[in-house]
Amino acid sequence: MKTINENKIIFVGGKGGVGKSTSSAALAVTLAEEGNQTLVVSTDPAHNLGDIFHTSLSHEKTNLMKNLWGIEIDPHHESKRYIEGVKDNLEGLVKTKMVEEVHRQIDMASASPGADEAALFDRLISIILEEGNQFDKIVFDTAPTGHTIRLLTLPELMGVWMDGMLERRKTMNNNYTQLLNDGEPVDDPIYDVLQKRREKFSAVREIILDPEQTGFAFVLIPERLPILETQKAVRQLQQHNLHVKTLIVNKVLPSHADGAFLEKRRKQEKVYLDEIENLFKEQRLVNVPLFEEDIADKDQLKIFSQHFKSLVSVQK
Ligand SMILES: Nc1ncnc2c1ncn2[C@@H]1O[C@H](COP(=O)(O)OP(=O)(O)OP(=O)(O)O)[C@@H](O)[C@H]1O
Ligand SMILES: [Mg+2]
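A separate point is the overall build of the protein chain. Across its full length, the protein chain holds 11 helices and 8 strands. Within the protein chain, the fraction of its 316 residues that count as buried is 46%. Expressed as a percentage of contacts within the protein chain between residues at least 6 apart in sequence, the contacts between residues at least 24 apart total 77%. Split by element, the accessible area of the protein chain, about 16300 Å² in all, is 51% carbon and sulfur.

This part is about the site of ligand 1. Around ligand 1 sit 20 residues, and of these Lys-20, Ser-21, Thr-22, Asn-48 and Phe-291 come closest. Separating an oxygen atom of ligand 1 from a backbone N or O atom of Gly-19 is a distance of 2.9 Å. Burial of ligand 1 by the protein amounts to 83% of the accessible area it has alone, namely 630 Å². One can see that ligand 1 is located within the second largest pocket.

The subject of this paragraph is the pairing of strand 8 (residues 284–289). One ladder, built from 5 bridges, connects strand 7 (residues 244–252) with strand 8; its direction is parallel. Bridge pairing in strand 8 places Val-249 opposite Asn-287. Remark: the strand 7/helix 9 (residues 260–279)/strand 8 crossover connection has right-handed handedness.

So, about the nonpolar core. Grouped together as the largest cluster of nonpolar side chains are 37 residues, with contacts concentrated most on Phe-11, Val-41, Ile-127, Ile-128, Ile-138, Phe-140 and Ile-208. By residue number, the principal contributor to this core is helix 5 (residues 115–130), which donates 6 residues. Sequence-distant contacts of Phe-11, that is, excluding residues within four places in its chain, are made with Leu-124, Ile-128, Phe-140, Thr-142, Leu-152, Ile-208, Thr-214, Gly-215, Phe-216 and Ala-217. Grouped together as the second largest cluster of nonpolar side chains are 32 residues, Leu-31, Phe-53, Ile-295 and Leu-311 included.

Inspection of every chain in the model, using the stated rule, returns 9 salt bridges. Across the pair Lys-302 and Glu-33 runs a salt bridge whose closest N-O atoms are separated by 3.7 Å. Pair noted here: Lys-302 is in helix 10 (residues 298–305) and Glu-33 is in helix 1 (residues 20–33), with a separation of 269 residues, a long-range link. Here Lys-302 falls in the partly exposed class, since its relative accessible area comes to 37%. What makes Glu-33 partly exposed here is its relative accessible area of 39%. Residue Lys-309 pairs with Glu-33 through a salt bridge whose shortest N-O separation is 3.4 Å. Highlighted residues: Lys-309 in helix 11 (residues 309–312) and Glu-33 in helix 1, separated in sequence by 276 residues. The network of salt bridges with common partners includes Glu-33, Lys-302 and Lys-309.

Basis of the calculations
Residues numbered from 1 in each chain as written. Chains lettered and ligands numbered in written order. Predicted model: local features only at pLDDT ≥ 70, side-chain atom pairs only at ≥ 80, totals over all residues. Heavy atoms only, no water. Helix = DSSP H or I, 4+ residues; strand = E, 2+ residues; numbered from the N terminus. Buried < 20%, exposed > 50% of the residue type's maximum accessible area, 1.4 Å probe, protein only. Contact = heavy atoms within 4.5 Å. Areas by Shrake-Rupley, 256 points an atom, 1.4 Å probe, with all protein chains shown as cover. Near = heavy atom within 4 Å. Polar contact = N/O pair within 3.5 Å; in protein donor to acceptor, adjacent residues only side chain to side chain. 1 Å grid on protein atoms, 1.4 Å probe; cavity = no way out; pocket = protein on both sides within 12 Å on 5 of 7 lines; lining within 4 Å. Sits in = over half its atoms within 2 Å of the grid points. Pairing = 2+ DSSP bridges. Right-handed = clockwise from strand over helix to strand, strands pointing away. Core = buried A, V, L, I, M, F, W, Y, C linked by side-chain atoms within 4.5 Å. Salt bridge = Lys/Arg side-chain N within 4 Å of Asp/Glu carboxyl O.

So this is what it looks like as structure tokens:
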């Protein structure tokens, strides 16, 4: 199995607040500094990737520094754009008097739970398929654990779901021609759209499942609950044949932090650090110290990034 620095696509996951965005940014900066054309993408609806670079990011790529570009996927915007696209696709295909009803149905579907998530996933797919050719590395800063796992297992679920839809469309197609082109028999455009999506999903699924191309890193802090949650997440992903190879153990008390209080905490922390080593023998562990202050600008990020060098520098 390749190490994460050899992967083209890297997903960074973990519990809320453990340092996913900071670590994704640091990893991306380190990769860019090594000369890789790098894209860092936030898929977390509560974005803070832009803040770290003191820039506002959007759904289009923005240059952040030499070799580094950033995108924040806005699920709501994507969902709106997607719905508009669907409506445009149907233009001219649906009987004039049906247009209003069809649009009403589409609007209803777009307000249903999961619509934003599906649209976000759609954008993620197009980034992997389209930007994959232009960039050496794509780092995904994901939302807290549960959400990420859902997102990553979506191609599989969507695949099954879409096979069902395709089957149903096939049988429906005969009745359907009545509705289209004022009764003239036509190919089912919805079937074609679904078929195309199905193909895109399979292509992305193959990339995500290929350990040569895609790597997963989890960030955790040396405390009881994050350890448990990481263990659970690693297992869950494993069930879907996704293997987490790297753990970033963040906010480890530095040895120079002094005082009786910190001494006591460090003792407790040692128990958790040992536990992490015992539990995650399959993963490469990288410890990152707790800094005196938040990582709030590019300079601090560069210092923070030093700890990611060992992860990125060649150990082929
Ligand atoms: N090693 C560290 N030392 C000091 N501060 C840190 C360290 N790592 C992260 N932080 C700070 O902790 C806070 C949370 O980090 P970050 O936003 O990267 O977490 P996250 O996992 O992306 O959170 P969310 O789940 O909310 O997206 C930020 O203010 C960040 O600057
Ligand atoms: Mg974040």
